[in-house]
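Structural overview
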Amino acid sequence: MHNPDQTAFATGRHFLQIPGPTNVPDRILRAMARPTIDHRGAEFARLGNEVVEGLRELLQTSGPVIIYPASGTGAWEAALVNTLSPDSRVLMVETGHFATLWRRMALELGLRVDFVSTDWRRGADPAVVEAKLREDTGHEIKAVAIVHNETSTGVTSRIGEIRRAMNSAGHPALLLVDTISSLASIDYRHDEWGVDVTVAGSQKGLMLPPGLSFNAVSGKAIEASKSAGLRKSYWAWEPMLTANRNGFFPYTPATNLLFGLREALAMLREEGLANVLARHARLGEATRRAVQSWGLEILCAEPSEYSNSLTAVQIPGDYDADELRRVILENFNMSLGIGLGRLQGRVFRIGHLGNFNELMLAGTLCGVEMGLSLCGVPFSRGGVAAALDYLETTATAQNKARHGAA
Ligand SMILES: Cc1ncc(COP(=O)(O)O)c(C=O)c1O
């Protein structure tokens, strides 16, 4: 009989393969496990300056980055309330569940949202964004807000192309981008892509526990914040930017998470951002090969928009994805991502981001393959083998690149 407490007695390590929060490396856990320091003292100022500097490097911006002791939702709200006024029009694209939640927040804050719908299988279409902006000859739309990597669907929107579309429409709207599940996993360039506010979070590619979120802001966004009429207090940029100049915060920061952030930034720098992105691309591709070889369908319908941080897999027929996830958790101590919103029970999501490597992926895929079989889901054996083949054949190239061999 099933023992409901079974997972409490499981030996070995739990496989946390949801698309965030991700596995926190021991190095980061150790960095956080130390006494909290005075957040008004000189040691803290050094920490504050260091983490802001590291985030600027990671986000590829020469502008300020604000750190909130909040989950990603807080940084979403900060992006809106600092740049917009009651009744401002915002253009958003319904890429999936998270875009829908951001839209709901915008409506609750009193904004007017033009919501472009999709079938939740593709990203924001730059041509549609351009057409919408061209129609808006009076420049009433004040911001375009896009989720870079839609965590509910495993689809990555092409932000550089969206920027080009905005430029060719000659429209002055701000560009706000959610990188909560893409930062430090998928290529992202705040300055080069002319993003005005980047929203990011700690618990995914940054390998930290949940609890920190970020706004990277352009000069144009700061200018907009001077006349933005939405009410704010806790989220206001101005007191943050003033205190940050000396490495401090206007209120008590999440000091120990910042110790962890400093370590995470050091780890990413040691690996090198290009290598971090290449690792995610390779593990993402191996996962997709497994899914295709199982004969299951990847939810993302556009190969050029496949996400390298997670893969959402459609479950065939009347089979229940939540039942599959339950069987996998109870038998193999692995958590997979649920289907969110309208995808509930229809998909499961494999997180392959953050502190992750080949053998962790192999274990993950083995758990899925065994679960599919135990649940009687129609599929073809061989997904794990296809992934391993790919990992093996690309390993040499990877080594050559790493060691600079000819
Ligand atoms: C793309 C995206 N945006 C926003 C959020 C909301 O962030 P949080 O749950 O940290 O508040 C999430 C959470 O997973 C997300 O994946």
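Being a predicted model, the structure only gives us computed values, none of them experimental.

Procedures and definitions
Residues numbered from 1 in each chain as written. Predicted model: local features only at pLDDT ≥ 70, side-chain atom pairs only at ≥ 80, totals over all residues. Heavy atoms only, no water. Helix = DSSP H or I, 4+ residues; strand = E, 2+ residues; numbered from the N terminus. Buried < 20%, exposed > 50% of the residue type's maximum accessible area, 1.4 Å probe, protein only. Areas by Shrake-Rupley, 256 points an atom, 1.4 Å probe, with all protein chains shown as cover. Lys, Arg positive; Asp, Glu negative; His and termini not counted. Charge placed at Lys NZ, Arg CZ, Asp CG, Glu CD. Near = heavy atom within 4 Å. Nonpolar A, V, L, I, M, F, W, Y, C, P; charged D, E, K, R; others polar. Pairing = 2+ DSSP bridges. 1 Å grid on protein atoms, 1.4 Å probe; cavity = no way out; pocket = protein on both sides within 12 Å on 5 of 7 lines; lining within 4 Å. Points joined across faces, edges and corners; volume = space filled by probe spheres on them. Core = buried A, V, L, I, M, F, W, Y, C linked by side-chain atoms within 4.5 Å. Contact = heavy atoms within 4.5 Å. Phe/Tyr/Trp six-rings, centres within 6.5 Å; stacked < 30°, edge-to-face > 60°. Axes fitted to C-alpha atoms, helices over the stretch in contact; angles between N-to-C directions. Parallel < 35°, antiparallel > 145°, perpendicular 65-115°, else oblique. Left-handed = near helix turned anticlockwise from the far one by under 90°.

**Comments concerning the overall build of the protein chain**
Counting its secondary structure elements, the protein chain contains 13 helices and 14 strands. Evaluated residue by residue, the protein chain yields a buried proportion of 55% over its 406 residues. In the structure as shown, the protein chain presents an accessible area of about 16,800 Å², 52% of it carried by carbon and sulfur atoms. If the 40 positive side-chain charges of the protein chain are averaged to one point and the 43 negative ones to another, these points end up 3 Å apart.

**With respect to the site of the ligand**
Close contacts around the ligand come from S71, G72, T73, W76, F98, V147, N149, T151, D178, I180, Q203 and K204, and that covers them all. Tallied by class, residues from the shell around the ligand come to four nonpolar, six polar and two charged.

**Quick word on the pairing of strand β5 (residues 141–147)**
Of all seven residues in β5, six are buried, a share of seventy percent or more. When strand β3 (residues 89–94) meets β5, the two strands line up parallel, connected through four bridges. Opposite M92, over in β5, you have A145 as the bridge partner. Where β5 and strand β8 (residues 174–178) come together, five bridges link them in parallel fashion. Bridge pairing in β8 places I146 opposite V177.

**Here's the deal with the layout of surface pockets**
The space that makes up the largest pocket amounts to roughly 220 Å³. In terms of lining residues, the largest pocket is bounded by 14 residues, among which V52, P64, L241, N244 and R245 are the most central. Looking at the lining of the largest pocket, the elements with two or more residues in it are α2 (42–59) and α8 (237–244). Broken down by element, the lining of the largest pocket gets its largest block of residues, five residues, from α2.

**Some words on the nonpolar core**
Among the nonpolar cores identified, the biggest contains 85 residues, and I67, W102, L206 and L261 are the most heavily contacted of them. Broken down by element, the residue count for this core peaks at eight residues, all from helix α9 (residues 255–271). Ignoring sequence-local partners within four residues, the contact set of L206 consists of I28, L55, L58, L183, A184, G201, F214, L261, A264, L265 and L268. Core analysis: the second largest hydrophobic core is formed by 31 residues, A290, V291, L361 and L365 among them.

**Examining the packing of aromatic side chains**
Each aromatic ring pair is described using two quantities: the centre-to-centre distance and the angle formed by the ring planes. One pass over the full model with this rule turns up seven aromatic pairs. Measuring from centroid to centroid gives 6.0 Å for F44 and F249, while their planes differ by 75 degrees, and the two rings are edge-to-face. Within this pair, whereas F44 is found in helix α2, its partner F249 is found in the loop between α8 and α9, the two being separated by 205 residues in sequence. With a relative accessible area of 5%, F249 lands in the buried category. Aromatic side chains Y68 and W235 sit 5.1 Å apart centroid to centroid with 75 degrees between the ring planes, which places their arrangement in the edge-to-face category.

**Digging into empty space enclosed by the protein**
For the coordinates displayed, the defined rule picks out three cavities of 30 Å³ or more. If you add up the space inside the largest cavity, you get close to 40 Å³.

**Comments concerning the sheet that holds strand β12 (residues 310–314)**
Reading across the sheet, the three strands line up as β11-β12-β14 and stay open at both edges, with antiparallel pairing between neighbours. The open sheet has two free edges, formed respectively by β11 (297–298) and β14 (347–351), since each of these has just one partner strand.

**Things to note about the environment of A395**
Tracing the chain through its elements places A395 in helix α13 (residues 383–403). When the C-alpha atoms of A395 and R282 are compared, they prove to be 9.7 Å apart, with 113 residues separating the residues in sequence.

**Some details on the packing of helix α3 (residues 72–81) against helix α4 (residues 97–108)**
Viewed as axis vectors pointing N to C, α3 and α4 meet at an angle of 50 degrees, and their least axial separation amounts to 10 Å. If you check the angle between α3 and α4, you find them oblique. The hand of the α3/α4 crossing is right-handed. On α4, the residues that touch T73, W76, E77 and L80 of α3 are F98, L101, W102, M105 and A106. Considering only residue class, the contact of α3 with α4 consists of seven nonpolar, one polar and one charged.

**Comments concerning the environment of E270**
Take E270: it is sitting in helix α9. Expressed as a C-alpha distance, the spacing of E270 and I146, which sit 124 residues apart in the sequence, is 30 Å.

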